[in-house]
Amino acid sequence: MFRTSRTVLVAAVAGVLSVSLASCSTTGDSGSDTSSASSSGSSAGGSSAPKQTTVRLVTHDSFVAPKELLAQFTKETGYQVQVLASGDAGKLANSVVLAKGNPTGDVVFGIDNTFASRVVDAGALTPYTSAKLPQGADKYALTGEAAKSLTPIDFGDVCVNVDDAWFAAHKKAKPNSLDDLTKPEYKDLFVTPGAATSSPGMAFLLATIAKYGDNGWQDYWKKLKANGVKVTSGWSDAWSVDYTAGGGKGSRPIVLSYNTSPADTVKDGKATTSAMTDSCFRQVEYAGVLKGAKNEPGAQAFIDFLLGKTFQASMPANMYVFPVDPAVAIPAQWKAAVTVPDKTLEVDPAKITANRDKWLREWQDTVSG
């Protein structure tokens, strides 16, 4: 049950949460621990209003934190956490931009490096630099103005995954590069979520732009299309329905997923799948204080909490991402099945912001034309 399957699970309960949140609630995690939060409502406005006791967290559907962990935050700071799920990473960024100056929450978690510039340039955040940033985590920090408003919390790599067991059973050599995916021997074997409808799909588009350049990625996608690539609306369809190792008895042994996904296929101590590490695009997730937040001290305290060793250590198991604190240990199963690329494909966040819409139009014209 790795990062993306967790996404599906949490998305399923998000609808339930949204109903309860409409009646004002605080929550520990997505599965339980919902309780009355009348203190939050009563503290807003008025000269005699008490101190804000609730921190409203605006985040994506994939945020998962054990109720015990959020209870620890409450014990340490006195603040309860109200989780406001806002769809996937793209919807989250858009919602933050649209609500700038009058946010629905106090703090946002889950803005990734593909959307960071859009949120910062819109003026939706208040600068905050946490003194709790672990040593070594600064390498994930953004540059320029974005670095003043967004704090790195975790990272993960979107990579092409290969069902090694399928290729061994069919006595075929597995692909080892993006170029290989356009070769006849891999025709009709690759499935990927679409860039216009999926965060990992967008990451893969960016990986191809980084690999083949501004004027070359379109031809690469034409070759992929000619070689039978299947584009799904989301990751769950690609993994759970079409991928041979995804549990849905699919027919395609190559899928766009995460470098942590092979840990979900461990049998007898060994993963039956692998990530193609030269295809990976790194996603870093950030947290920031929302401009106009009713509880700015609480928002800052929550960002500090996200950087603490206890929360950082919880992220692999609950969110299927790597902590930015290099001193935090990752699960033993990951060590045997997960490879972190020495180098990933990258596109400057400012360039993404400037070209996102144009790239998506060109990509849609290519895959649908």
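Quick notes on the rules
Residues numbered from 1 in each chain as written. Predicted model: local features only at pLDDT ≥ 70, side-chain atom pairs only at ≥ 80, totals over all residues. Heavy atoms only, no water. 1 Å grid on protein atoms, 1.4 Å probe; cavity = no way out; pocket = protein on both sides within 12 Å on 5 of 7 lines; lining within 4 Å. Points joined across faces, edges and corners; volume = space filled by probe spheres on them. Helix = DSSP H or I, 4+ residues; strand = E, 2+ residues; numbered from the N terminus. Nonpolar A, V, L, I, M, F, W, Y, C, P; charged D, E, K, R; others polar. Domains from an automatic or database assignment. Buried < 20%, exposed > 50% of the residue type's maximum accessible area, 1.4 Å probe, protein only. Arc of directions from axis to C-beta. Contact = heavy atoms within 4.5 Å. Salt bridge = Lys/Arg side-chain N within 4 Å of Asp/Glu carboxyl O. Pairing = 2+ DSSP bridges.

- As recorded by an unreviewed UniProt entry, the protein carries the name Thiamine transport system substrate-binding protein and is attributed to Calidifontibacter indicus.

A closer look at the layout of surface pockets
Then step 1. By volume, the largest pocket is sized at about 600 Å³.
Then step 2. Surrounding the largest pocket, 26 residues form its lining, N113, A141, L142, Y286 and P349 being those nearest its centre.
Then step 3. Of all the secondary structure elements, the ones that give two or more residues to the lining of the largest pocket are α5 (116-121), β13 (274-290) and α14 (349-368).
Then step 4. Its residues assigned to classes, the lining of the largest pocket comprises 14 nonpolar, four polar and eight charged.
Then step 5. The residue makeup of the lining of the largest pocket includes at least three contributed by each of domain 1 (54-155 + 283-336) and domain 2 (157-281 + 344-368).

Some points on helix α4 (residues 89-98)
Then step 1. For α4, the set of buried residues is A89, G90, L92, A93 and V96. Take α4 and look down its axis: the buried residues cluster within an arc of 165°, on one side only. What points out from α4, more than 90 degrees from its buried face, is the exposed set K91 and L98.
Then step 2. In this fold, the buried residues of α4 make contact with β3 (54-59), β5 (107-112), α5, α8 (199-212) and β13.

Some points on the pattern of salt bridges
Then step 1. In total, this model carries 11 salt bridges according to the counting rule given.
Then step 2. The salt bridge partner of D214 is K351, with a shortest N-O separation of 3.0 Å. With D214 in the loop between α8 and α9 (217-226) and K351 in helix α14, this residue pair connects regions lying 137 residues apart in the sequence.
Then step 3. Residue classification places D214 among the partly exposed positions, given a relative accessible area of 37%.
Then step 4. A salt bridge links K230 to D242, with the shortest nitrogen-to-oxygen separation between them at 2.7 Å. With K230 in strand β9 (residues 230-232) and D242 in helix α10 (residues 235-242), this residue pair connects regions lying 12 residues apart in the sequence.
Then step 5. Among the residues examined, K230 registers a relative accessible area of 34% and is labelled partly exposed.

Some points on the pairing of β13
Then step 1. Most of β13 sits out of view: 15 of its 17 residues are buried.
Then step 2. Here five bridges tie β5 to β13, and the two strands are oriented antiparallel to one another. Residue pairing for β13: F109 is matched across the bridge by A287.
Then step 3. Sheet topology note: the strand β7 (residues 151-162)/β13 ladder contains 10 bridges and is antiparallel. Looking at the pairing, F155 lines up with V284 of β13.

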